[in-house]
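One-letter residues, chain by chain:
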Amino acid sequence: MSNNAPIGIFDSGIGGLTVVKEIRKIMPQENLIYFGDTARAPYGSRSPAQIIEFMHQILKFFSEQNVKMAIFACNTMTALGLNQAKEKYPFQLIGMSTGVEQALSRSVNKNIGVIATQATIASGSHGNDIKNTAPKARIFPQACPKFVPLIENEVINGAEISESVCEYLTPMKDVGVDTLILGCTHYPFINESIRSIVGPDVNIVNPASDTAAAAYNVLVRKGQLADDKQQGRVRLCFSAGVDKAKRMADLVMDTTNVEFELVNLEV
Ligand code: DGL
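Residues numbered from 1 in each chain as written. Predicted model: local features only at pLDDT ≥ 70, side-chain atom pairs only at ≥ 80, totals over all residues. Heavy atoms only, no water.

Novice: It is not clear to me how the nonpolar core should be interpreted in this structure. Could you clarify?
Specialist: Side chains of nonpolar character tend, in soluble globular proteins, to be buried together. Counting 54 residues, the largest nonpolar core has Ile 115, Leu 169, Tyr 187 and Ile 194 as its most contacted members. Excluding residues that lie within four positions of it along the chain, Tyr 187 makes contacts with Ile 115, Ala 116, Thr 117, Cys 144, Phe 147, Val 148, Ile 151, Leu 182 and Ile 194. The next biggest cluster of nonpolar side chains, apart from the first, holds 27 residues, and it includes Phe 61, Val 67, Leu 82 and Phe 91. (Core = buried A, V, L, I, M, F, W, Y, C linked by side-chain atoms within 4.5 Å. Buried < 20%, exposed > 50% of the residue type's maximum accessible area, 1.4 Å probe, protein only. Contact = heavy atoms within 4.5 Å.)

Novice: Got a minute to help me understand helix H11 (residues 242-252) in this structure?
Specialist: Think of an α-helix as 3.6 residues a turn; residues three or four steps apart then line up on the same face. If you check which residues of H11 are buried, you get Val 242, Ala 245, Met 248, Ala 249 and Val 252. Seen from one end, H11 has its buried residues packed into an arc of 120 degrees, which puts them on one side. The exposed residues of H11 that point more than 90 degrees off its buried face are Asp 243 and Leu 251. (Helix = DSSP H or I, 4+ residues; strand = E, 2+ residues; numbered from the N terminus. Arc of directions from axis to C-beta.)

Novice: How do you make sense of the sheet that holds strand E4 (residues 92-94) when you look at a structure like this?
Specialist: Strand-to-strand pairing in sheets goes through backbone hydrogen bonds, with the strands running parallel or antiparallel. Here we have six strands laid out as an open sheet, ordered E4-E3-E1-E2-E9-E10, and parallel in their pairing. Two strands in the sheet have a free side with no partner beyond their single neighbour: E4 and strand E10 (259-262). For this sheet, the mean inter-axis angle between neighbouring strands, taken without regard to orientation, is 20 degrees. Pairing of strand E9 (residues 234-238) with E10 involves four bridges; the strand directions are parallel. Within E10, the residue paired with Leu 236 across the bridge is Phe 260. The strands touched by H11 are E9 and E10; relative to E10, the strand with the most contacts, the crossing angle is about 150 degrees. (Pairing = 2+ DSSP bridges. Axes fitted to C-alpha atoms, helices over the stretch in contact; angles between N-to-C directions.)

Novice: In this structure, what is going on with the sheet that holds strand E7 (residues 179-182)? I would like to understand it.
Specialist: If you walk across this open sheet you meet the four strands as E6-E5-E7-E8, and the pairing is parallel. Looking at which strands have only one partner, the edges of the open sheet turn out to be strand E6 (138-143) and strand E8 (203-205). Strand-to-strand twist across the sheet, computed as the mean angle between neighbouring axes with direction ignored, equals 20 degrees. In the packing of helix H6 (residues 125-133) onto the sheet, contacts are made with strand E5 (111-116), E6 and E7, and the angle to E6 comes to roughly 170 degrees. Strands in contact with helix H8 (residues 159-174) are E5, E6 and E7; relative to E6, the strand with the most contacts, it is inclined by about 170 degrees.

Next comes the structure, spelled out in structure tokens:
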């Protein structure tokens, strides 16, 4: 496979764009194909079986695109599906980092909050990671089912967001969480509202840069980095609402020369 083969990056919707942003920062030479399943988001309130079925549809699409690697820009599919997908595809898979390592290194009192989708919280993935690394740390998990539907509809500030941020995060403040993991790739879009509730002293961990770094390290180790003299081609594909997705992409990255496409996986 050529080193210039694309990297696939995927999420249930527009959230994974916050990961694409970090990947482009450290690997501007890579050709990228993003798939966001905006027609079927949110995934976080769906059953594990359905989440796994959708993940395989997306990975099959990436097989057809001859990717050299696929990066989960989705905590939910990482928690529920990564183990099921391992060894089944002819390309490397990189799961979304839980952010636990970064959180433990930044936290002083080891009271770690995690906000994520219902499916991710129910999977216990962050809690298991924390228990394995720092058994004495305390974890405060909180599912936030109201966030993704709002963010997918471009509601990233205003009363509705503030109210739900307040509802989910005030209890974390009350128990003295000093570090908060954003366990869903949609949440960096509402970072400002989250910051305004938790205050300036809480560390907010966005695991997107750790995920991008993990992908980079694997490509370096395998000698598979793309030609560094080129500017990578970036295709952002969505299963619905391409115009809306473009407006959200504009909020996190430079979209000059980025191609936007409608892709339906079910046909
Ligand atoms: N952005 C995804 C995640 O990181 C999933 C959001 C959803 O569709 O519920 O978990």
